Amino acid sequence: MQYLLLIYGNEAHWETLSEAEGNAINKEFMDFTQSIAQSGHLRGGNELNRTSTATTVRLRDKKRLVTDGPFAETKEQLGGYYLIEAKDLDDALAVAARIPSARWGSIEVRPIIPHEMPS
Amino acid sequence: MDIEGIFREESGRILATLIRLLGSFDLAEEGMQEAFATAVERWPREGTPAKPRAWLIATAQHKAIDVLRRRARFDSKREELQRIAELEQQFADAQMAKARIDNAGESMRRHNRTRSDGSDAGRDDDPFGDDRLRLIFTCCHPALALEAQVALTLRTLCGLTTEEIARSFLVPPPTMAQRLVRAKQKIRDARIPYQIPPEHELAARVEAVLLVVYLVFNEGYNATSGEAAVRHELCTEAIRLGRVVCQLLPRQTDARALLALMLLHDSRRPARTAQNGEPVLLEVQDRSLWNQEQIREGTALVESALRDGRASPYALQAAIAAVHAQAQSVEETDWRQIVGLYEILLQAQPSPVIELNHAAAVAMAEGPAAGLKLLDDLGAKSELRDYYLLPASRADLLRRLERWTEAADSYRRALALATNDSARKFLSRRLAEMEARI
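Residues numbered from 1 in each chain as written. Chains lettered and ligands numbered in written order. Predicted model: local features only at pLDDT ≥ 70, side-chain atom pairs only at ≥ 80, totals over all residues.

> Please provide a residue-by-residue account of the overall build of chain A, values included.
Tallying secondary structure elements over chain A gives three helices and six strands in all. Element order for chain A, N to C, with α for helix and β for strand: β-α-α-β-β-β-β-α-β. (Helix = DSSP H or I, 4+ residues; strand = E, 2+ residues; numbered from the N terminus.)

Right, here's the structure in full:
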């Protein structure tokens, strides 16, 4: 079964890190990604650019509304995701807990509803 | 035993086994309901089978396969048809394995029965792992809200109705029903696994399980519905679950403390109810009826828990129960020690209900007027507004102070709130006594 692991954290936290600290965390992420590729969990994933680069679009009364920023201001912001295959929730939670951001942020583990997708 | 009795006794165990076999709460429940419906129809005609539980499980599996077939015809999903084939094969395998299991099971049963804790004759425990233990860890999974964990365990393992669970937690039944539905959906949709947690997670997961076991015991001990003041089978069930947890985690001192607490409370059960079904207060209980074996075991357990661990709320409550158990009579009870223990307990776990018990102990140690003062202060707390024991306790102290009119008023208020039939009978009698004095 597939789960989306949504990585939330305080973006401002990144600003406080030195280059060395930032690089160390990046390496942790790379090692983590490599390990879940090897274990067969990895199906996808990406780092997202910060929320100040986001734009939100809505259609209301047939009018297109475009606003600057993420859909909502939150204390922790969505910074990345992994799409994984896991045998059950405990398996998915074990993977999520190893994401480096779990130490200072929150990882939401959301089950995927599978649909037929055009290839 | 009639079918209704079998349902109460066995439905929790049967459901747990079916969930493991079928991999789904909903399917297990539907299968079980249809199996019981069939039993109601056929057993009066054909006689009760020699092994009712095995019959019900086998029938429920057949019915569940029928349910899947009906769904598959409607949806014609390949996965449904595949699932049916798997279940039919599994069922055939199980029938073959059953003979081997029955032989091995007999020697396991003899090995597993270590103490008498009221376990009934005719139980054949699952010799290859306790389905109920697996189920309780699943019901108590941290991915479920705590209140959902408790509700689900009570519903699936103990067979309480949604209404009974709702009353235990002072929430409206529709809210509780919704809570249960959502919990089962979460288990299904997020695929919470049916398994005992891995070693490194076990201790944390046990804490949640202990809370659920404690609440189950309390429901049995202070039953809020039905005729009996005590639903014996829930207490026995909770004690059994507590034992399994202790066996599994011998270093968990809190599990020991909880088991001690349950045993010490349960030891008074034979004296708690009069012939006419009314509750008998601790002060006038015939202590010769108290179960000394449970008292010995419970006292040893709490001493061991306090020695090896901290003075947790369970350990403190067990200690209080042990002080009661040691006393030959109300007068000889060390009430001051009990008051002191309640005060430590209130620091660890401030709660209006514990304050109520503290006030009652103060009344015993220092006289009714002292206790009454504390109860009046408590009356302001909103959580106790619908809790009948508050006006009932007030009434009792007023009675001891011979303030008959005020006592009658309090008994009336208590009656308006009490739902337990035997408590109501008791309160009505007291009210009549008061009215006779006015």
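> Break down helix H6 (residues 146-158) of chain B for me, with residues and values.
Residues and elements named next belong to chain B. Over its 13 residues, H6 runs 17 Å from end to end, which matches the ideal 18 Å to within 8%, given 1.5 Å per residue. The buried fraction of H6 amounts to 11 of the 13 residues, a majority that puts the element mostly inside the structure. Within two residues after H6, Gly-159 carries a phi angle of roughly 70°, on the positive side. (Expected span 1.5 Å × (residues − 1). Buried ≥ 20, exposed ≤ 12 C-beta atoms within 10 Å, placed from the backbone.)

> Report on the interface of chain B and chain A, specifying residues and quantitative values.
Of the residues lining the interface, six residues belong to chain B; the matching set on chain A comes to five residues. Along the lines of polarity and charge, the residues of the side of chain B that touches chain A split into four nonpolar, no polar and two charged. (Contact = placed C-beta atoms within 7 Å. Nonpolar A, V, L, I, M, F, W, Y, C, P; charged D, E, K, R; others polar.)

> Could you give an account of the pairing of strand S3 (residues 55-60) of chain A, with specific residues and numbers?
Residue and element names in this part refer to chain A. Counting buried positions over the six residues of S3 gives zero, only a small fraction of the element. By the bridge criterion, six bridges tie S3 to strand S4 (residues 63-68) in an arrangement that is antiparallel. The partner of Val-57 across the bridge, within S4, is Val-66. Count of turn residues in the S3/S4 antiparallel hairpin: two residues, of which Asp-61 carries a positive phi of about 50°. (Pairing = 2+ DSSP bridges.)

> Describe the environment of Leu-152 of chain B, with residues and values.
As for its placement among the helices and strands, Leu-152 of chain B is situated in helix H6. Filtering out sequence-adjacent residues up to four positions away, Leu-152 of chain B remains in contact with Cys-139, Leu-180 and Ala-183 of chain B.

> An account of the nonpolar core is needed here, citing residue identities and associated values.
Residue and element names in this part refer to chain B. Leu-18, Val-209, Ala-260, Val-302, Ala-318 and Ala-319 are the most contacted members of the largest nonpolar core, which totals 124 residues. No other element matches helix H14 (residues 313-326), which puts 10 residues into this core. When we break this core down by domain, the ones giving at least three residues each are domain 1 (3-106) and domain 2 (381-438). Ala-319 has contacts with Val-302, Leu-306 and Leu-341, leaving out every residue within four places of it along the chain. (Core = buried A, V, L, I, M, F, W, Y, C linked by C-beta atoms within 7 Å. Domains from an automatic or database assignment.)

> An account of helix H16 (residues 352-366) of chain B is requested, with residue identities and associated values reported.
An α-helix turns once every 3.6 residues. As a result, residues three or four positions apart point the same way. All names here are of chain B. Between the first and last C-alpha of H16 there are 20 Å, a value that for 15 residues agrees with the 21 Å anticipated at 1.5 Å per step. Buried within H16 we find Glu-355, Leu-356, His-358, Ala-359, Ala-360, Ala-361, Val-362 and Ala-363. Close packing links the buried residues of H16 with helix H15 (335-348), helix H17 (368-378) and helix H18 (389-400). With its phi angle positive at about 105°, Gly-367 sits one or two positions after the end of H16.

> I'd like a rundown of the packing of helix H9 (residues 199-221) of chain B against helix H11 (residues 253-266) of chain B, residues and numbers included.
Residue and element names in this part refer to chain B. At their nearest, the axes of H9 and H11 sit 10 Å apart, and the two run at 5° to each other. Put simply, H9 runs roughly parallel to H11. Packed against H9, whose contacting residues are Val-206, Leu-210, Val-213, Tyr-214, Phe-217 and Tyr-221, the element H11 presents Asp-254, Ala-255, Leu-258, Met-262 and His-265 at the interface. A per-class count over the contact of H9 with H11 returns nine nonpolar, one polar and one charged. (Axes fitted to C-alpha atoms, helices over the stretch in contact; angles between N-to-C directions. Parallel < 35°, antiparallel > 145°, perpendicular 65-115°, else oblique.)

> How would you explain the confidence of the model for chain B if you had to name every residue and give the values?
Fine structural detail should not be taken from predicted coordinates in areas where pLDDT scores are low. On average, chain B scores 82 in pLDDT, and the residues at 70 or more come to 83%. The ipTM for the predicted assembly is 0.88, set against a pTM of 0.63. (pLDDT = per-residue confidence, 0-100.)

> I'd like a description of the environment of Ala-322 of chain B, backed by residues and values.
Residues and elements named next belong to chain B. Positionally, Ala-322 belongs in helix H14. In this structure Ala-322 comes out as buried when scored by C-beta crowding, with 22 C-beta atoms within 10 Å. Taking C-alpha positions, Ala-322 is 7.5 Å from Ile-295, a pair spaced 27 residues apart along the chain. Apart from residues no more than four positions distant in its own chain, Ala-322 is found in contact with Leu-264, Gly-298, Thr-299 and Val-302.

> Lay out the pairing of strand S1 (residues 2-9) of chain A in plain terms, naming residues and giving numbers.
All names here are of chain A. Only one face of S1 is covered, namely the face carrying Tyr-3, Leu-5, Ile-7 and Gly-9; the face carrying Gln-2, Leu-4, Leu-6 and Tyr-8 is uncovered. Examined bridge by bridge, S1 and strand S6 (residues 106-111) share six bridges and lie antiparallel to one another. In the strand pairing of S6, Leu-4 is matched with Arg-110.

> Just give me the short version of the sheet that holds S6 of chain A, but keep the residues and values in it.
Residue and element names in this part refer to chain A. Read across the sheet, four strands follow the order S2-S5-S1-S6 without closing on themselves; strand pairing throughout is antiparallel. Where the open sheet ends on each side, the last strands, each with one partner, are strand S2 (42-47) and S6. Recorded for the sheet is a direction-independent mean angle of 20° between the axes of neighbouring strands. When S1 meets strand S5 (residues 77-85), the two strands line up antiparallel, connected through eight bridges. Bridge pairing in S5 links Leu-5 to Tyr-82.

> Break down unusual backbone geometry for me, citing the residues and quoting the values.
Positive phi values are uncommon outside glycine, yet Asp-61 of chain A reaches one of about 50°. Considering the arrangement of structural elements, one finds Asp-61 of chain A in the loop between S3 and S4. On the basis of neighbour count, Asp-61 of chain A is assigned to the exposed category, with 5 C-beta atoms found within 10 Å. Non-glycine residue Arg-191 of chain B carries a positive phi angle of around 55°. Structurally, Arg-191 of chain B can be placed in the loop between helix H8 (173-189) and H9. You can call Arg-191 of chain B partly exposed: it has 17 C-beta atoms within 10 Å.

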